Amino acid sequence: MSGVFVDSNILIYSIDREDHRRIRAQAIMVDGPTISVQCLNEFAAVARRKLRLSWSSVQASLDEFRQVCPRIVSVTLNTHQLGITFAERHRLSIYDALIVAAAFHAGCDILYSEDMHHGLVIDGRLRIENPFAQTAR
């Protein structure tokens, strides 16, 4: 299986009417990327804290993401263990490494994230791309 996995920042930008990255993020979301439960949790935290959305607005966005995204990957013990390995091997934060591990377990070949190492290839299979960088596809 191949496909696209998105980090929580793509979810945030896709709904933030004030952010110039919104159009690109929405274009990525239209294609129905894979996400993880961790991304949904991070979205909820940021939407409440930074965007100051009401809980009903957060829930409406979460409902939409669950409809648009065909696969939502759970964080399991295997994800945790692989995340620890990736954190050490690639010098990622544990939270970024858990996203990478979820994308890897999902069989995705691209992980869109603005926060991680653009161009990094994980175990010869998963490429991290910043979709807002000039060189991103």
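So, here is what we can say about the structure in this document. (Residues numbered from 1 in each chain as written. Predicted model: local features only at pLDDT ≥ 70, side-chain atom pairs only at ≥ 80, totals over all residues. Heavy atoms only, no water.)

What follows is about the overall build of the chain. The number of helices and strands found in the chain is 6 helices and 6 strands. Reading the helices (α) and strands (β) of the chain from amino to carboxyl end gives β-α-α-β-α-α-β-α-α-β-β-β. For a compact globule of 137 residues, the expected C-alpha radius of gyration is about 14 Å, and the chain comes in at 14 Å, within 12% of that figure. Overall size of the chain, expressed as C-alpha extent along the three principal axes, is 40 × 35 × 25 Å. Burial analysis of the chain (137 residues in total) assigns 47% to the buried set. (Helix = DSSP H or I, 4+ residues; strand = E, 2+ residues; numbered from the N terminus. Rg over C-alpha atoms; globule rule 2.2 N^0.38 Å. Buried < 20%, exposed > 50% of the residue type's maximum accessible area, 1.4 Å probe, protein only.)

The next thing to look at is the packing of helix H1 (residues 8-15) against helix H2 (residues 22-30). Put simply, H1 and H2 touch, their axes get as near as 7 Å, and they point 115° apart. The two elements H1 and H2 cross, and the hand of that crossing is left-handed. On H2, the residues that touch Ile 10, Leu 11, Tyr 13, Ser 14 and Ile 15 of H1 are Arg 22, Ala 25, Gln 26, Ile 28 and Met 29. Of the residues belonging to the contact of H1 with H2, the class tally is 7 nonpolar, 2 polar and 1 charged. (Axes fitted to C-alpha atoms, helices over the stretch in contact; angles between N-to-C directions. Left-handed = near helix turned anticlockwise from the far one by under 90°. Contact = heavy atoms within 4.5 Å. Nonpolar A, V, L, I, M, F, W, Y, C, P; charged D, E, K, R; others polar.)

If you walk through the whole model with that rule in mind, you get 3 aromatic pairs. Their ring planes at 90° and their centres at 4.9 Å tell us that Phe 43 and Phe 65 sit as a pair that is edge-to-face. Separated by 22 residues along the polypeptide, Phe 43 in helix H3 (residues 37-49) and Phe 65 in helix H4 (residues 55-68) bring together distant segments of the chain. Each member of the pair Phe 43 and Phe 65 is classed as buried. (Phe/Tyr/Trp six-rings, centres within 6.5 Å; stacked < 30°, edge-to-face > 60°.)

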